[in-house]
Amino acid sequence: MLFFSYFKDLVGREVTVELKNDLAIRGTLHSVDQYLNIKLENSRVVDQDKYPHMTGEQDAGNDLGLRLSVRNCFIRGSVVRYVQLPPEGVDTELLHDATRREARGG
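The rules behind these values
- Residue numbering note: each chain is counted from 1, following its sequence as written.
- For a predicted model such as this one, the threshold for reporting local features is a pLDDT of at least 70, and the threshold for listing and counting side-chain atom pairs is 80 or more; totals across whole chains, interfaces and linings nevertheless cover every residue.
- Each side-chain value is derived from all of the structure's non-hydrogen atoms; neither hydrogens nor water enter the calculation.
- Think of it this way: DSSP has to see at least two bridges between two strands before they count as a pair.
- Elements are defined by DSSP. Helices are runs of H or I of four residues or more, strands are runs of E of two residues or more, and each kind is numbered from the N terminus.
- Lines fitted to C-alpha atoms define the axes here, with helix axes fitted over just the stretch in contact, and angles between the N-to-C directions of these axes take values from 0 to 180 degrees.
- Summary of the burial criterion: residues with accessible area below 20% of their type's maximum are buried, those above 50% are exposed, and those between are partly exposed, where the area comes from a 1.4 Å probe applied to protein chains only.
- Distance and chemistry together define a polar contact, namely a pair of N or O atoms within 3.5 Å, with one atom able to donate a hydrogen and the other to accept it when in protein, and with adjacent residues in sequence counting only for side-chain atoms on both sides.
- Whether two residues touch is decided by their heavy atoms; if any such pair falls within 4.5 Å, the residues are in contact.
- Definition used for salt bridges: Asp or Glu carboxyl oxygen within 4 Å of a side-chain nitrogen of Lys or Arg.

Q: What am I meant to see in the sheet that holds strand 6 (residues 73-75) here?
A: Whenever strands of a sheet pair, they do so through backbone hydrogen bonds, lying parallel or antiparallel. The 5 strands lie next to each other as 6-3-2-1-7, forming an open sheet whose pairing is antiparallel. Each edge of the sheet is formed by a strand with only one pairing partner; in this case those strands are strand 6 and strand 7 (80-84). Neighbour to neighbour, the strand axes of the sheet diverge by 45° on average, direction disregarded. Pairing between strand 2 (residues 24-32) and strand 3 (residues 38-45): 6 bridges, direction antiparallel.

Dropping the structure here:
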């Protein structure tokens, strides 16, 4: 439950989720559940050259210059390899304390 409670504190921040199939998606964390299933809003593919079908078409109407084919996405927790957090979102003292408490069993 350590990571679940930590991720709940990151709701509303931008994260990058790398999947086991090497696809990396960046977006705003909308929600996370106890299975670490993740819902992202305003998502975009990190490596757009490698995954052009996920990028969409040119569109001058938005700030990215692209009409995204996937704007919001739900990611099953079992396919997540890594979640890259914003540096300002990492409270190392809090993580150390929580890890120590969990290791002691309480």
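Q: What's the story with the side chain of T16 in this structure? I'm lost.
A: Note on placement: T16 falls in strand 1 (residues 14-19). When its relative accessible area of 8% is taken as the criterion, T16 is described as buried. A polar side-chain atom of T16 sits 3.1 Å from a polar atom in the side chain of R26. Not counting residues up to four positions away in its chain, the partners in contact with T16 are A24, I25, R26, V46, Y82, V83 and Q84.

Q: Hey, could you run me through the pairing of strand 2 in this one?
A: Side-chain positions along a regular strand alternate between the two faces of the sheet. Judged from the 5 bridges that link them, strand 1 and strand 2 form a sheet pairing that is antiparallel. In the strand pairing of strand 2, T16 is matched with R26. Hairpin remark: strand 1 followed by strand 2, antiparallel, with 4 residues in the connecting loop; positive phi at D22, about 75°. Hairpin connection from strand 2 to strand 3: 5 residues lie between these consecutive antiparallel strands, with L36 at a positive phi of about 60°.

Q: Sorry, what's going on with the pattern of salt bridges here?
A: Oppositely charged side chains are able to pair whenever their charged atoms sit close together. Applying the stated criterion to the full structure yields 5 salt bridges. Among the ionic pairs, R44 bridges to E14, the shortest N-O distance being 3.1 Å. Of the two residues, R44 sits in strand 3 while E14 sits in strand 1, which places them 30 residues apart along the sequence. Overall, R44 belongs to the partly exposed group, its relative accessible area being 22%. Between R81 and E18 there is a salt bridge, with the nearest N and O atoms lying 2.8 Å from each other. Linking R81 in strand 7 with E18 in strand 1, this pair joins segments that are 63 residues apart in sequence. When its relative accessible area of 19% is taken as the criterion, E18 is described as buried.

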